[in-house]
Amino acid sequence: MSIPEASLTPAQARAEHARLGAEIATHDIAYHQNDAPTISDADYDALRRRFDALEKAFPELAALPSPARGVGSAPAQKFAKIRHAVPMLSLGNVFDATEVEDFVERVRRFLGLGPETPVAFTAEPKIDGLSCSIRYENGVLIRAATRGDGFEGEDVTANVKTIGEIPHRLHGAAPAVLEVRGEVYMTHKDFAALNARQAAAGEKTFANPRNAAAGSLRQLDSAMTAQRPLHFFAYAWGEIVGPMPATTQHGMVTAFKGFGLPTNARMVLCHSAAEMVAFFNRLGEDRAGLGYDIDGVVYKADNLDFQERLGFVSRAPRWAVAHKFPAEQATTVLRDIEIQVGRTGSLTPVAKLEPVTVGGVVVSNATLHNEDEIARKDIRIGDTVVVQRAGDVIPQIVRVIMEKRPADARPYEFSQVCPACGSAAIREIDEKTGEADVVRRCTGGLICPAQAVERLKHFCSRNAMDIEGLGDKQIEFFYEKGLIKTPADIFTLEPRDKASLAKIENYEGFGKLSVKNLFAAIEARRSVELNRFIFALGIRRIGETNARRLARHFGDFNALRTAARAAGDPASDARAEINNISGVGNVLAEAVADFFCEEHNERELDRLLAEVTPTPMEAVASDSPVTGKIVVFTGALERMTREEAKAQAERLGAKVSGSVSKKTDILVAGPGAGSKLTRAQEAGVRVMSEDEWLAMIGA
Ligand code: IVH
C-alpha cells in the first residue's frame with residue numbers, strides 16, 4: 001500500500017516521483033519497442049495513475065524532466081494492413097525422389113505434353129525466413145508488405161527500406177509496376193551476434209534465425225529494424241504492369257539481378273526429375289556451410305506460359321513444389337498424455353514431453369493423432385520417445401525406444417467420455433464401409449464447453465474473423481468469466497462492459513488501453529468478407545477453400561442460408577445446387593445443410609447477423625464473358641487437357657459440370673463427342689468448338 005499523496009513530505013514525493021519515472025520508462029521500452037511487456041496493463045496503469053497524482057499534489061514535480069514522459073514520440077501502435085494485388089500463395093510439399101517424379105509427371109500430364117517435349121524446371125534453395133512483397137512503381141520502392149494470410153499483409157515499408165541490400169531505386173528499365181517477392185532472412189553469424197547482444201542487454205533472445213528475422217522486420221519502430229542485420233533474396237513476383245522482363249522463371253530472376261535486387265546464386269535449371277533430385281542431394285550436403293537456414297529446395301516450371309496454364313489449386317501453384325529436407329529428430333521422455341477437445345468434438349491425444357530442443361526449437365508437446373496411433377506405436381506414459389519436427393508442422397512422435405521402457409509402463413487407456421463435459425465419446429461408424437472412424441468424438445455438441453471455446457477460437461482466428469486482441473488466452477478467459485459464450489456475445493461485449501460494475505479493464509492482464517484496442521478491433525469486424533464469415537462459422541468440413549467456393553457461388557449470405565435450409569431435403573434442387581458447385585460434392589453439401597437446419601445454429605445466426613454484416617463476395621472474374629455460365633466439355637480437346645480446360649474456365653468464373661442439362665449454357669465439343677452433344681442440341685444449348693471457346697475467352 002502506498003501512502004496517500006497528501007500525507008507525503010515534498011522530499012518523499014520527489015524520491016517516489018523519480019523512482020516511478022524510471023520504472024515507467026522501462027515498461028514503455030518493453031512494451032513499445034520490444035513487443036514484450038513484463039507487467040499487466042492494469043499494473044502499468046496503476047503506476048501511471050500514481051505518477052500523475054504525485055504531480056498533481058506537488059506541481060513542482062511536473063516541471064522536472066522525467067523519463068516517464070518519453071523521449072520522442074511513441075512508435076505507432078500497430079501496422080497498417082495492405083491488400084496484395086495478387087495473393088501470396090504457399091507451396092505444396094514433396095519428401096522423396098518418387099514424389100518429385102510424380103510432380104514432374106503431373107505437370108506434363110496437365111499440359112498434355114508428349115514424351116518428346118522437354119520441360120525445364122528451376123531448382124533453388126528454400127530459404128527459411130519470412131516472405132515479403134516489395135512494390136516498385138517507375139523503379140522506385142513505394143511499398144512493402146509481409147505475407148500475412150496471403151491476401152492481406154502488414155505494411156512494413158519503413159522497415160524494408162532499412163535493409164541495405166534492397167535497392168530504393170531499381171537499375172535499368174524495370175516495368176512500370178513491379179512487385180518483387182522474396183524472403184527476408186538473417187544469417188547464422190548475425191543471428192548469433194544479435195542473441196549475444198540481446199543477452200548482454202538483458203533482452204529476450206530468439207529461438208532461431210527465422211524468429212529473429214520476423215521479430216526484426218515486425219518492429220514498430222523502424223530505427224530498431226535498422227539495427228538488425230537483415231538480408232533478402234528475390235525469387236518471385238506479384239503484380240507487373242508493363243512488358244514482362246523475361247519469358248522464363250530463370251530469366252525473370254536474372255532480370256531481377258540486373259535491376260539490382262539480391263538473388264540466390266545457387267539457382268539452377270534442370271531438365272529431369274533425376275537432375276532435380278541430384279541438386280537437392282548436393283544442396284543437402286552443402287546445407288551447413290551456406291551460412292543461412294534453408295529447409296529444402298523449390299522446383300518451378302521454367303516456362304512462364306506453362307506456369308500460366310498450370311495455374312493454382314487452392315492456395316498453391318500447380319507449377320511449383322517444395323522438396324523438404326527430412327525432419328529433425330531428438331529423444332525425450334513422455335510424461336503424460338492429455339486429451340484436447342476440438343471444435344467439432346474430436347478428441348486429440350497430446351503428448352506432454354520433457355522439454356527438448358529439436359532443430360533449434362524447444363518442444364514440450366507433440367500430437368499423438370488418435371487412439372489407434374497410440375496403440376499402433378505402443379506408446380506408454382514414461383516411455384523414452386523419438387520426436388521430430390519438420391518446418392511449421394506440429395511435432396510428432398516417431399517411435400518408442402523399447403530398450404528404455406520402464407517396468408511400470410502400462411498401455412494407455414483412451415477415455416470413453418469427453419474430459420470437458422462428461423458426455424459419451426464415440427467413434428462414428430461409416431455407413432458405407434461399416435468401419436469405425438479413427439477419431440473419437442464428444443457427443444455433447446452444444447453443451448460441451450470445450451467445443452464452445454474451440455468454436456470461439458476458430459471464429460476469431462486469423463483466416464476467419466481475424467479479431468485482433470481476441471487470442472486463445474483471452475477467449476478462454478472471457479468464456480470462463482461468462483462474458484462470451486457464443487460468437488454474437490463478442491459484439492455485445494462493449495455495451496455490457498459499460499453497464500457492468502466489474503469492468504474488464506480491472507482484470508489482471510487487461511488495462512484501459514488494451515480494452516480500448518480490443519473494442520476497436522471488434523467494431524472493425526462488424527463488416528467482414530463473406531468467405532471469411534462462412535469459414536468462421538466452423539461448419540464441419542467447410543475449410544477456407546470451400547467457404548470461398550460457397551461465397552463465390554452464392555454471392556451473399558442470405559442466398560446461401562436460404563439454399564442451405566432447403567437443402568435439408570436430400571432430394572431438393574437446393575441440395576443438388578450445392579452439390580454441383582465445383583469441388584463441393586455431396587458430403588460437404590450434407591454438412592452445410594446439417595449446419596443450417598440445426599435450430600440452435602439458426603438462432604445463433606440470427607443473433608450474429610444482428611451484429612455483423614458479411615459483405616457480398618467479389619466474383620473471381622466478374623467481367624469475363626463466361627462468368628456464372630455453366631460449361632460442359634465433351635469429346636477430345638486438342639489444345640489443352642480436360643483438367644487444364646476445367647481449371648481455366650473456373651478461373652474465369654464459369655462452373656464446369658460433367659453432364660448436360662437444361663441449365664447448361666455452353667457445350668464445348670471436340671472430335672468424337674457423343675450423347676452429350678445430342679442432348680445439348682435437343683435442349684437448345686449453345687455448342688461450340690474448342691477454338692471458338694478459346695477465342696471467346698480470349699486465350
Ligand atoms: S516460391 C507461388 N521460392 O516458402 C510460389 N518460396 O512454403 C511462391 N520460400 O511462402 C513461393 N524460399 O515464404 C518460393 N526460393 C523460394 C522460397 C520460397 C522460401 C517460402 C515462401 C513461401 C513458402 C511456401
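Residues numbered from 1 in each chain as written. Predicted model: local features only at pLDDT ≥ 70, side-chain atom pairs only at ≥ 80, totals over all residues. Heavy atoms only, no water.

Caption draft 1: The arrangement of the site of the ligand in detail. Close contacts around the ligand come from 13 residues, with Glu124, Ile127, Glu183, Tyr235 and Lys300 the closest. At a separation of 2.6 Å, a nitrogen atom of the ligand approaches a polar side-chain atom of glutamate 124. Glutamate 183 places a polar side-chain atom, nitrogen or oxygen, 2.9 Å from an oxygen atom of the ligand. Relative to its free-state accessible area of 540 Å², the ligand is covered by the protein chains to the extent of 87%. Elements with a minimum of two residues in the shell around the ligand: β3 (121-127) and β10 (294-301). At 4 residues, the largest contribution of residues to the shell around the ligand is made by β3. Residue composition of the shell around the ligand, by class: 7 nonpolar, 1 polar and 5 charged. (Near = heavy atom within 4 Å. Polar contact = N/O pair within 3.5 Å; in protein donor to acceptor, adjacent residues only side chain to side chain. Areas by Shrake-Rupley, 256 points an atom, 1.4 Å probe, with all protein chains shown as cover. Helix = DSSP H or I, 4+ residues; strand = E, 2+ residues; numbered from the N terminus. Nonpolar A, V, L, I, M, F, W, Y, C, P; charged D, E, K, R; others polar.)

Caption draft 2: Seen up close, the packing of helix α6 (residues 188-200) against helix α7 (residues 209-217). Taken N-terminus to C-terminus, the directions of α6 and α7 make an angle of 70°; their axes are 10 Å apart at the nearest point. In terms of orientation, α6 lies roughly perpendicular with respect to α7. Two secondary-structure elements touch here, α6 through His188, Phe191 and Leu194 and α7 through Pro209, Ala212 and Ser216. (Axes fitted to C-alpha atoms, helices over the stretch in contact; angles between N-to-C directions. Parallel < 35°, antiparallel > 145°, perpendicular 65-115°, else oblique. Contact = heavy atoms within 4.5 Å.)

Caption draft 3: Inspection of the sheet that holds strand β23 (residues 630-634) at higher detail. Pairing is parallel in the open sheet, where 4 strands are placed in the order β24-β23-β25-β26. Looking along the sheet, the strands with just one partner apiece sit at the ends: β24 (655-656) and β26 (686-688). As judged from the 4 bridges shared by β23 and strand β25 (residues 666-669), these two strands associate in the parallel manner. Among the inter-strand pairings, valine 631 is bridged to a residue of β25, identified as isoleucine 666. (Pairing = 2+ DSSP bridges.)

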